[in-house]
Amino acid sequence: MAKKKNNNENEHDTIGTKALLLKLCHSVTSVLSEATHHEINFSPMVQKIGKTCLKPDIGCFVLFDGAFSGLVVINFTADAAMEVYSNYLINMGLPKEDLATVYTSDEVGNVMGELMNQILGDFTSKVSKELHTSITQSQPKMLTLNRQVRISVNANLDKPSAHRVSFYTEKNNIFYMEMAMDKTKFLQMDSFVPELDVNPDKILEEQQNKSTSANKPPEKETSVTDTDDLLASLGI
């Protein structure tokens, strides 16, 4: 007789590869949308792939290790990279005429690497707060690639599960994120409250508002005597 599936493993209390991939997708969209002030979205369909690869025009990869190990690759087309790069620096206040004009510029690669670092930082923070565990990341590596070149990246994973997700910008320029990681599953054994995200800018703004209110001089109250004298002078 076939054994019944163990119902003790409630799907709502289980976080596996799919859920971690979704968290990473949200990190990509939230970080890039916030950095550029332009919307970034991802496809609801995910593609299962055999291995991760750096592809033209700009490829970036990061390794992470700790509670689980993996590799993240983001491949940008030239148009997608230049759109994200330009919007990011313009949002930072840099004049448009001072921006690099070709995707092969070192400045473009440096900016994309910085954004990649922010994306993985956001992802590791979510893992720490929501799963009560820890992973660490390597320094992002960025390469400008020729269209005839593809570089396979091996993260030395035991039983890797690799997937690719498509992202698109406001101008419909597409880039791809690939994630390979050990097959893993987190089971919640006891209830806990996930840590809330803390926004330092919001806290600082609230403190400044409180300080401004506290230092504001009180409005001068008009006494009854002053009012009577004014009315008397007017013959009322």
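Before any of the text, the structure's been laid out above.
No experiment lies behind these values; they were computed from the predicted model shown.

### Some remarks on the overall build of the protein chain
- Counting its secondary structure elements, the protein chain contains five helices and 11 strands.
- Taking all 236 residues of the protein chain together, the buried fraction comes to 36%.
- The long-range fraction of contacts in the protein chain, counting pairs at least 24 apart against all pairs at least 6 apart in sequence, stands at 72%.
- About 15500 Å² of surface is accessible on the protein chain, with carbon and sulfur atoms providing 51% of the total.

### As for empty space enclosed by the protein
- Applying the stated criterion to the full structure yields one cavity of 30 Å³ or more.
- The computed volume of the largest cavity comes to approximately 40 Å³.
- L32, I74, F76, M112, L115, M116 and I119 are the residues that line the largest cavity.
- Those elements that place two or more of their residues in the lining of the largest cavity are β5 (70-76) and α3 (106-131).
- With four residues, α3 is the largest single contributor of residues to the lining of the largest cavity.
- Class assignment of the residues belonging to the lining of the largest cavity gives a composition of seven nonpolar, no polar and no charged.

### Observations concerning the packing of helix α1 (residues 17-36) against helix α2 (residues 78-91)
- Where α1 contacts α2, the two axes come as close as 7 Å, and the packing angle between them is 55°. Between α1 and α2, the interaxial angle falls into the category oblique. For the pair formed by α1 and α2, the contact residues are L32, E34, A35 and T36 on the first element and V84, N87, Y88 and N91 on the second.
- Each residue belonging to the contact of α1 with α2 can be placed in one class, and the counts come to four nonpolar, three polar and one charged.

Calculation criteria
Residue numbering note: each chain is counted from 1, following its sequence as written. With the structure being a predicted model, the display of local features is reserved for residues of pLDDT at least 70 and the display and counting of side-chain atom pairs for 80 or more, all residues being used for whole-chain, interface and lining totals. No hydrogens and no water enter the side-chain calculation; it runs on all heavy atoms of the structure. Secondary structure elements are defined from DSSP: runs of H or I of at least 4 residues count as helices, runs of E of at least 2 residues count as strands, and each element is numbered from the N terminus. Note on exposure labels: buried denotes an accessible area under 20% of the residue type's maximum, exposed denotes more than 50%, and partly exposed covers the range between, all computed with a 1.4 Å probe on protein chains only. By definition in these notes, contact holds between two residues if any of their heavy atoms fall within 4.5 Å. Areas reported as accessible are Shrake-Rupley estimates using a 1.4 Å probe. Residue values count occlusion only from the protein chains shown. Here a cavity denotes a set of grid points, spaced 1 Å apart and computed over the protein atoms alone, in which a 1.4 Å probe fits but from which it cannot get out, and a pocket denotes an open set meeting protein on both sides within 12 Å along at least five of seven lines; residues with an atom within 4 Å of a point are reported as lining. Grid points are joined across faces, edges and corners, and a volume is the space filled by probe spheres set on the points. Note on residue categories: nonpolar means Ala, Val, Leu, Ile, Met, Phe, Trp, Tyr, Cys or Pro, charged means Asp, Glu, Lys or Arg, and polar means any other residue, Gly included. In this analysis an axis means a line fitted to C-alpha atoms, helices contributing only their contacting stretch, and an angle means the value between N-to-C directions, from 0 to 180 degrees. Should an angle lie under 35 degrees it is considered roughly parallel, over 145 roughly antiparallel, and from 65 to 115 roughly perpendicular; all remaining angles are considered oblique.

Take it as geometry only, folks, not as evidence of what the structure does.
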